[in-house]
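One-letter residues, chain by chain:
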Amino acid sequence: MDYFSLTFLGTWLLGLLVFYILNARWQWLSLLIISFILYVVFVNSPPIVLILVSIMTYGATRVIRAQNRETLRFACYSRVIRNIVIIASLFLLIVSRSTRWISNLGNSYFTLKAIGYLIDCERYDDEEYYEKDFLFFVFYLIYFPTVSQGPFNRYRDFKRQFSERIRFEYVGFMHGFQRFLWGTFKKLVITPRLGEMGTLVFENISGISGFALMMGLLAKTIYYYMDFSSYMDMMIGVSSTFGVDIPENFRQPFFSKSIAEFWRRWHMTMGEWFKDYIMIPFIQSKIGRTIKRKAKRYGKDASRTIPLVAGTFLVWIATSMWHGIGRSYFLWGMYYCAIIVLSLLLENRYRRIRNILHINEESLWYSVFRMLRTCILVMLANLIQLSNSFEDFRYALGRIIGSDFFIRDASITLEKLGWGEMKDAYVLVLSLIVFFIVSVLKERGYNILAKLDKCRAPFRWLVYYVIIFTILCFGRYGSGYDPSKFLYTNF
Amino acid sequence: MKSFKNSLKILVFCIGLFVSYKLVGLAVIDTDSSTRLKFHDYYQQNNIDIAVIGASRVNRGFDPDEVDRHMEVNSFNFGSSSQTYAGSYYILRDLLNRQDVETVILDVEFSGFNREPDQQKANWIISDYMKGLIKYQYIFNVFDRSDWLIMLSGICRYKDDISINWCKRNIKAKLCKEYWDYMPTNRVYKNYSTYRDRGMCEIEKVNKGSDFFVYKKDYGGFDHIGLDEENADMMGYLYKAIRLCKERDIKVVLVTFPETDFYLKHAGDYAKFVDRVNRISVENEIPWYDLNRVKDECFSDNEFSNLDHLTRDGARHCTSVICDLLLNPHSHEFVDEPLKKDSGIIGVTYETEEIDNAVQISWNVEAYNTMKYRYRLIEYDDKQVIFDSGILDTNSIIMSELTNDAYIEIFDMTNNYLGKGKLL
């Protein structure tokens, strides 16, 4: 979906004009129409997965709900139906990834959302988890700010917002625009420059200095974050202008003190989905309970930790498969899994060491050390993903930590980056500084938008003008650039 | 009351945005003297009889003063750098909406057929300075949606050029009174191209101190030449321009402006070009005057400021030939072969390459025939001979051996001095 196209911007603004004059039912129907139009406009092949998944899931929930929950037949039927639909949906998802003639736009997002909805529907005997109206169910799946790259919003939270007519609220509306502007700034000003740096480094990996490689790796790491989070900012902003809240997907992940925390702050809704629909069901399942029982003989801690380890392993298998099928994705997933499992298993020993060394866990320097350690581990994971082979990985790592760190090389120059002068470097550094300050403020719980609301209009507007003109003057758009491309678009 | 207040707020915000846009534009939007002055001059005219439209060769090669002298009519030069036929067509439409033009001269050049119609910088003359709705028709019809913002907004158009020096220069230029008075010479903006009158621009001679043309190979002047990949959209606009004139009973003439022999030799298959333009001329029943093939009207190398653009003197010469042909189509004969001479030096091409922290320079001396010439490479100040050769061939030398300007001197085999060319 091209979020900077006239089609998108025009439909959004036109939708806004209509939305607030409609009643509750027509409000969501108008958003369904907008979502449908945008989905159809931006897919270039038939949306077969969307059609089949929505029909199958809706049909399955109708059948499940028609059963008497108290009977044994219900338990039997509902699980069989649920599992068949889940397997069929996942099968469709895998098939769509390997064929060109089926649309890939947002497949994994709405498929997992549909699976989550189906599981909840079967799990809870509560009307809040069940949708009778097929159109609303489709609307939930293809709501345009969430359809192509998430977040994995939950049905119940989504439905609640449409229980009555959404009234226009100036503050929320303006926050939406501000958020969209901020996302656009990240996407057009910061992301492309980081991408250019990272790509050039990894295209010229042989003979390059360790320092350049490390900078490239750092650029790629921040690039992934900027690309994905800029989309989230834009879409949360767009949704806010309609008065609809969708969940946050990022919470300053580079301030995480451990890898587990990093993944609780990065693509948060995906992590929560895997936890709710893989990890917890697994631990509570017959197999999970058996593992727990058998682990008891190794102590109380083991009975708590070993099922968690097994669940983590399953979650990471799923996470790596969600990101892609292939050796590098598998290794990448197992790398994170190993770190999280090790930190789980060695938690008590770490605590003891910290006590012996009298390290205050809350001290600033220790926090900074942990943040840096997490960043390095994340960069290493990205190196695994970016390396075409083990030899490439070993070579790159050798350069970064070896004696070739500061060798003179001419492979990375401003000219080769296409950055005629130092201008792009200055723009990138200044933008990153601004971004860092904003992140620190957010991390400290400072509500920037609320503070901005309290400022006098001239100052507030000046901030908008600066962002608008920075985007216009230093953004990468027009011929030769494709701002519609987001890394996670076809996941 | 509250909604009135909010509406007022939105209005003030929009005014602020507009004012900020103008302020940022002062620093960011180019002050290009010639195209800005050209369009300002054009809108001051009210009786254009002859309009000549095309790329930079027209811009520098057609002198309206000369037309006045020969024909006593008012003419205007609409040439601009790399102008595409799409641009020419929309300029023509604007012109015909405003003026009763008698004759339109359309430039057909060797390098024009395979360009993309939506080359942005080539057409900024329209997006920056044209008035009225035709400009918007041009932008929306010719350009892809993704380029609309760039074409509509000056700030977006010049965003890639932004630097501190760029902004300083623009602000300085715009603070001069001459800028707002549309004076041809702005104290700050010193372009190598100088605006003269009624659209005509003049450029200084590039190869000063050289008796023949010396060109660096990666100059890029020949990159876009080739008729094999003719752009159908581009040609469509040429046909549309011709048709538009014919519908309004306006005389249309195709003219190819002269180029140096050096250019013609490198440009490709000229016979193919002649064949192609002849077809256009016959299909549309309009004359074509190829000034590269006018018998007895050779344009000497001295009349060119560079590879393919005329000097002011060259422009006068060229315009007088065009006037002759407009007054009497049989006043000049045309030959088949564009090259003007059969002996002597055409020029020197050279290229540089970085080798182990040194720069190697390679050059090639080209002559009209296969006769032998002697040439030598000298350093200018002390006339120290660095290289001496009895044959014309490609040779090279490591640059670090050179400390001053280097010239190539050429002699015939009886040691008669033929001329020199400045290599670096």
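Residues numbered from 1 in each chain as written. Chains lettered and ligands numbered in written order. Predicted model: local features only at pLDDT ≥ 70, side-chain atom pairs only at ≥ 80, totals over all residues. Heavy atoms only, no water.

What follows deals with the overall build of chain A. What chain A contains, in helices and strands, is 22 helices and zero strands. For chain A, with 491 residues in total, the buried portion stands at 50%. Summarising the internal contacts of chain A: among those between residues at least 6 apart in sequence, 76% fall at separations of at least 24. With an accessible surface of roughly 24200 Å², chain A has 64% of that area assigned to carbon and sulfur atoms. (Helix = DSSP H or I, 4+ residues; strand = E, 2+ residues; numbered from the N terminus. Buried < 20%, exposed > 50% of the residue type's maximum accessible area, 1.4 Å probe, protein only. Contact = heavy atoms within 4.5 Å. Areas by Shrake-Rupley, 256 points an atom, 1.4 Å probe, with all protein chains shown as cover.)

Counting secondary structure elements, chain B contains 15 helices and 17 strands. Long-range contacts, defined here as pairs at least 24 residues apart, represent 74% of the contacts in chain B between residues at least 6 apart. A total of about 19800 Å² of accessible surface is found on chain B, and carbon and sulfur atoms cover 49% of it.

Each partner contributes to the interface: chain B provides 23 residues, whereas chain A provides 19 residues. Summed over both sides, the interface between chain B and chain A buries roughly 1800 Å², with carbon and sulfur atoms accounting for 67% of that surface. For chain B, the biggest contributors to the area lost against chain A are Phe-13, Lys-159 and Ile-162 of chain B; these three give 31% of the whole. Linking chain B to chain A there are eight residue pairs in polar contact (both at pLDDT 80 or more). The set of elements that each furnish at least two residues to the side of chain B that touches chain A consists of helix H1 (2-28), helix H8 (145-152) and helix H9 (154-157) of chain B. Per element, the largest residue contribution to the side of chain B that touches chain A is nine residues, and it comes from H1 of chain B. For the side of chain B that touches chain A, a count of residues per class yields 12 nonpolar, five polar and six charged. (Buried area = accessible area lost by both parts, 1.4 Å probe. Polar contact = N/O pair within 3.5 Å; in protein donor to acceptor, adjacent residues only side chain to side chain. Nonpolar A, V, L, I, M, F, W, Y, C, P; charged D, E, K, R; others polar.)

Time to look at the packing of aromatic side chains. Evaluated as defined, the whole model comprises 82 aromatic pairs over all chains. Measuring from centroid to centroid gives 5.5 Å for Tyr-225 of chain A and Phe-254 of chain A, while their planes differ by 90°, and the two rings are edge-to-face. Of this pair, Tyr-225 of chain A sits in helix H10 (residues 210-241) while Phe-254 of chain A sits in the loop between H10 and helix H11 (259-265), placing them 29 residues apart in sequence. By relative accessible area, Tyr-225 of chain A is classed as buried at 6%. Their ring planes at 65° and their centres at 4.7 Å tell us that Phe-140 of chain B and Trp-148 of chain B sit as a pair that is edge-to-face. On the basis of relative accessibility, which here comes to 36%, the residue Phe-140 of chain B falls in the partly exposed class. Here Lys-159 of chain A stacks its cationic end above the ring of Phe-136 of chain A, 4.2 Å away from the centre of that ring. (Phe/Tyr/Trp six-rings, centres within 6.5 Å; stacked < 30°, edge-to-face > 60°. Lys NZ or Arg CZ within 6 Å of the ring centre and 35° of its normal.)

Turning to the nonpolar core, a few remarks are in order. Among the nonpolar cores identified, the biggest contains 227 residues, and Leu-31 and Tyr-336 of chain A together with Leu-291 of chain B are the most heavily contacted of them. Among the elements that take part in this core, H10 of chain A stands out by supplying 16 residues, more than any other. When near neighbours in sequence (up to four residues on either side) are disregarded, Leu-31 of chain A contacts Phe-19, Phe-139, Tyr-143, Phe-144, Phe-162, Phe-242 and Val-244 of chain A. (Core = buried A, V, L, I, M, F, W, Y, C linked by side-chain atoms within 4.5 Å.)

This part takes up the pattern of salt bridges. Under the definition given, this model contains 40 salt bridges over all chains. The shortest N-O distance in the salt bridge between Arg-179 of chain A and Glu-248 of chain A comes to 2.9 Å. Here Arg-179 of chain A is found in helix H9 (residues 170-203), whereas its partner Glu-248 of chain A is found in the loop between H10 and H11, with 69 residues between them in sequence. On the basis of relative accessible area, Glu-248 of chain A is assigned to the partly exposed category, the value being 36%. For the salt bridge of Asp-181 of chain B with Lys-177 of chain B, the shortest nitrogen-to-oxygen distance reads 2.7 Å. Each member of the salt-bridge network shares a partner with another, and the members are Asp-63, Asp-65, Asp-68, Arg-196, Asp-197, Arg-198, Glu-202, Arg-312, Asp-313 and Arg-316 of chain B. (Salt bridge = Lys/Arg side-chain N within 4 Å of Asp/Glu carboxyl O.)

A few words now on a nonpolar patch on the surface. Residue and element names in this part refer to chain B. Taken together, the side chains of Phe-4, Leu-8, Leu-11, Val-12, Ile-15, Phe-18, Val-19, Leu-23, Leu-26 and Trp-180 make up a nonpolar region of the molecular surface, amounting to roughly 990 Å² of accessible area. Counting residues per element, the nonpolar patch draws most heavily on H1, at nine residues. Along the chain, the position of Leu-26 falls in helix H1. (Patch = residues over 30% accessible without salt bridge, like charges linked within 9 Å, V, L, I, M, F, W, Y side chains within 5 Å.)

With that settled, consider the packing of H9 of chain A against helix H22 (residues 457-474) of chain A. Residues and elements named next belong to chain A. Interhelical geometry of H9 versus H22 gives an angle of 30° and a closest axis separation of 10 Å. In the packing of H9 onto H22, the handedness of the crossing is left-handed. Taking contact as the criterion, the partners of Met-174, Gln-178, Leu-181, Thr-184, Phe-185, Leu-188, Val-189 and Arg-193 in H9 are, on H22, Tyr-464, Ile-467, Ile-468, Thr-470, Ile-471 and Phe-474. Across the contact of H9 with H22, the residue classes tally to 10 nonpolar, three polar and one charged. (Axes fitted to C-alpha atoms, helices over the stretch in contact; angles between N-to-C directions. Left-handed = near helix turned anticlockwise from the far one by under 90°.)

All right, on to the side chain of Thr-256 of chain B then. Take Thr-256 of chain B: it is sitting in strand E7 (residues 251-256). When near neighbours in sequence (up to four residues on either side) are disregarded, Thr-256 of chain B contacts Val-108, Tyr-270, Phe-273, Trp-288, Tyr-289, Asp-290, Leu-291 and Asn-292 of chain B.

Let's shift gears to the packing of H10 of chain A against helix H18 (residues 390-401) of chain A. Residues and elements named next belong to chain A. H18 packs onto H10 with a crossing angle of 115° between their chain directions and a minimal axis gap of 7 Å. By the angle class used here, H10 and H18 are roughly perpendicular. Where H10 crosses over H18, the two elements pack in a sense that is left-handed. Between H10 and H18, the residues in contact are Gly-210, Leu-213, Met-214 and Leu-217 and Ala-396, Arg-399 and Ile-400, respectively. Its residues placed into classes, the contact of H10 with H18 shows five nonpolar, one polar and one charged. (Parallel < 35°, antiparallel > 145°, perpendicular 65-115°, else oblique.)

All names here are of chain B. Counted residue by residue, strand E16 (residues 406-412) has seven buried out of seven residues, so it is predominantly covered. Side chains of E16 alternate between two faces, with Ala-406, Ile-408, Ile-410 and Asp-412 and Tyr-407, Glu-409 and Phe-411 buried alike. Strand direction decides the pairing type here: E16 and strand E17 (residues 417-422), joined by five bridges, are antiparallel. Looking at the pairing, Tyr-407 lines up with Lys-422 of E17. (Pairing = 2+ DSSP bridges.)

Moving on to the sheet that holds strand E1 (residues 50-53) of chain B. All names here are of chain B. Pairing in this open sheet of five strands is parallel, and the strands run E2-E1-E3-E7-E8 from one edge to the other. Edge positions in the open sheet fall to strand E2 (75-77) and strand E8 (288-290), since each of these has one partner strand only. Averaged over all neighbouring strand pairs, the angle between strand axes comes to 20°, with direction disregarded. Sheet topology places E7 next to E8; three bridges connect them, and they run parallel.

All names here are of chain B. An ideal rise of 1.5 Å per residue puts 21 Å on 15 residues; helix H14 (residues 270-284) measures up with 21 Å between its terminal C-alpha atoms. Against helix H12 (232-247), E7, helix H13 (261-267) and E8 lie the buried residues of H14. Looking one or two places after H14, you find Glu-285, whose phi comes out positive at around 55°. (Expected span 1.5 Å × (residues − 1).)

What follows deals with a positive patch on the surface. Taken together, Lys-286, Arg-289, Arg-293, Lys-294 and Arg-297 of chain A make up a surface patch of like positive charges. Here Lys-286 of chain A is to be found in helix H13 (residues 286-295). (Lys, Arg positive; Asp, Glu negative; His and termini not counted. Charge placed at Lys NZ, Arg CZ, Asp CG, Glu CD.)

Another point: the side chain of Ser-431 of chain A. Residue and element names in this part refer to chain A. Checked against the element boundaries, Ser-431 lands in helix H20 (residues 423-443). Judged by relative accessible area, Ser-431 falls into the buried class, the value being 6%. Contacts of Ser-431, omitting those with residues within four sequence positions, involve Phe-185, Val-189 and Ile-190.

Between the C-alpha atom of Tyr-225 of chain A and that of His-267 of chain A, which follows or precedes it by 42 residues, the distance is 9.6 Å. With near-sequence residues (within four places) excluded, Tyr-225 of chain A lies in contact with Ser-230, Phe-250, Gln-252, Pro-253, Phe-254, Trp-266 and Phe-435 of chain A.

This next bit is on unusual backbone geometry. Here Gly-150 of chain A and Pro-151 of chain A are connected by a cis peptide whose omega angle stands at 5°. Its location among the elements puts Pro-151 of chain A in the loop between helix H7 (144-147) and helix H8 (155-160).

A word on the environment of Lys-251 of chain B. All names here are of chain B. Tracing the backbone shows Lys-251 in strand E7. Overall, the relative accessible area of 35% leaves Lys-251 in the partly exposed class. Along the backbone, Lys-251 and Val-104 are 147 residues apart, and their C-alpha atoms lie at a distance of 6.2 Å. Those residues in contact with Lys-251 that sit more than four places away from it in its chain are Glu-102, Thr-103, Val-104 and Leu-326.

Further remarks concern helix H7 (residues 134-142) of chain B. All names here are of chain B. When we look at burial in H7, the residues that qualify are Ile-134, Lys-135, Tyr-138, Ile-139 and Val-142. One side of H7 carries all its buried residues, which in axial view fall inside an arc of 140°. Of the surrounding secondary structure, the elements contacted by the buried residues of H7 are helix H5 (85-98), helix H6 (124-129), H8 and H12. (Arc of directions from axis to C-beta.)

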